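So you can see what is in the structure, the chains are spelled out below.
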Amino acid sequence: MTNEIIKVGTFFCGIGAPEKALERLKKEGYIKDYKVEFFSEVDKDAIKSYCAIHNIDANLNLGDITQIKGIDLPCCDLWIGGFPCQDISCAGKMRGFNFESSTRSSLGWEMIRLLKEVKNKPKYVIFENVAMITSNKFKDTLNLFKNDLIKLGYTLYEDVLSATDYGIPQTRRRYFLIAILNNEKNFSFPKSIGCDLVFKDFLDTCVDEKYYLTNDEYEIIDDNKIIFHKKDRKDVIYEIDLNKYKRGGVCGIDKSCKFNQSSRVFSIERNAPTLTANNTAENVKIIEGVK
Ligand SMILES: C[S@@+](CC[C@H](N)C(=O)[O-])C[C@H]1O[C@@H](n2cnc3c(N)ncnc32)[C@H](O)[C@@H]1O
């Protein structure tokens, strides 16, 4: 149990999932309390959500990280940065992260710049990104990133964790890099607790008809396969493999979809898919209630 109030600065805060974890640590008595000293976010909807979810004053937003100067940052114990992953993710074009690439994920380097600029460096920094960042394609840049942190006096702990090992049935593998200044504390990642739940345990039981892409009618095309048509577009076809549906995971395909990832149809019998950032009609589809 930490007796101090942990002062937190969070970059690329989005809706602030790590702050939810801090809230839980407080509730379960692992930390006394925490206080967000500042956050940095550019998306107006994310800012609104973040402030509403965590009851935080919008004036604490320092805005675009590229415009922040280290000298202006209040002293913090912990920085958090789940920097943009679209240019690293296999759902994107995988051109990012390199410092010179000027892509959204190269924004992660802005935190290194700020760590170099601030007078009092935070004791702890948590970086988070997609697992793809550890692939051969990004390995060299990730090593440069880590070397900079080591030169700044941090000891590093890293791992790729899967949500399904921590009680959440979602296909979501994420890279975590924990940087601890002057090796003040030994750190080890929490052990897997597995997952007893499946996707359908999280779904509403009463959902308005307007949210469904199809009605209940389907055609049997062979022993194991059925097809549904989209409600208002008969040319859009979802082909479902019934055996795969029972097993969970990807069980079908949207035949009209241009992109491999978003053409997948998921069963609700096991893990939920990762929802992509461009949450549009081209996103993954979910099928439920097949007998
Ligand atoms: C991968 S998301 C972070 C999600 C976050 N960890 C959460 O729990 O919701 C990256 C966020 O960085 C924000 N972002 C993009 N460019 C930024 C910039 N120049 N300065 C600050 N935030 C930025 C995006 O709007 C997005 O919300």
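Note that the coordinates shown come from a computational prediction; the quantities given were computed from them, not determined experimentally.

S.K.: What's the story with the environment of Asp254 in this structure? I'm lost.
M.R.: In this fold, Asp254 is placed in strand β10 (residues 250-254). On the basis of relative accessible area, Asp254 is assigned to the buried category, the value being 4%. For Asp254, the side chain forms a polar contact with the side chain of Lys285, separated by 2.8 Å.

S.K.: Please clarify how the site of the ligand should be interpreted in this entry.
M.R.: Ile15, Ala17, Glu41, Asp64 and Ile65 are the nearest of the 17 residues found near the ligand. The separation between an oxygen atom of the ligand and a polar main-chain atom of Cys13 is 3.5 Å. In this structure, a nitrogen atom belonging to the ligand sits 3.0 Å away from a main-chain N or O atom of Ile65. When the free accessible area of the ligand is taken as 600 Å², the share hidden by the protein chains comes to 78%. Broken down by class, the residue content of the shell around the ligand amounts to nine nonpolar, five polar and three charged.

S.K.: In this structure, what is going on with the domain arrangement of the protein chain? I would like to understand it.
M.R.: For an interface, size is often stated in terms of accessible area lost upon the parts coming together. Under the domain assignment used here, the protein chain contains domain 1 (2-181) and domain 2 (199-287). Contact with domain 1, which involves eight residues of that partner, is made by 10 residues of domain 2. For the pair domain 1 and domain 2, the summed buried area comes to about 690 Å², and 51% of that belongs to carbon and sulfur atoms. For the pair domain 1 and domain 2, the interface holds zero salt bridges. Here domain 1 is connected to domain 2 by three residue pairs in polar contact (both at pLDDT 80 or more). The class makeup of the residues in the side of domain 1 that touches domain 2 is two nonpolar, four polar and two charged.

Cut-off values and rules
- Here the residue numbering is sequential within each chain, running from 1 through the sequence in written order.
- Given that this is a predicted model, residues contribute local features only at a pLDDT of at least 70 and side-chain atom pairs are listed and counted only at 80 or more, while totals for whole chains, interfaces and linings are drawn from all residues.
- Heavy atoms from the whole structure form the basis of all side-chain values; hydrogens and water molecules are not counted.
- A run of H or I in DSSP counts as a helix once it spans at least four residues, and a run of E counts as a strand once it spans at least two, with each numbered from the N terminus.
- Working definition: with a 1.4 Å probe on protein chains only, accessible area under 20% of the residue-type maximum means buried, over 50% means exposed, and in between means partly exposed.
- Side-chain atoms alone can form a polar contact between residues adjacent in sequence; in general such a contact is a pair of N or O atoms within 3.5 Å, and within protein one must be able to donate a hydrogen while the other accepts it.
- For this description, a residue counts as near a given molecule or strand if any of its non-hydrogen atoms is within 4 Å of it.
- Only the protein chains shown count as covering a residue, and every accessible area follows the Shrake-Rupley method with a 1.4 Å probe.
- By the convention adopted, Pro, Cys, Tyr, Trp, Phe, Met, Ile, Leu, Val and Ala count as nonpolar, Lys, Arg, Asp and Glu as charged, and the other residues, Gly among them, as polar.
- As annotated, the domain borders come from an automatic or database domain assignment.
- Contacts are assigned to residue pairs with any non-hydrogen atoms lying within 4.5 Å of each other.
- Summed over both partners, the accessible area (1.4 Å probe) lost when two parts come together is defined as the buried area.
- A carboxyl oxygen of Asp or Glu within 4 Å of a side-chain nitrogen of Lys or Arg is what we treat as a salt bridge.

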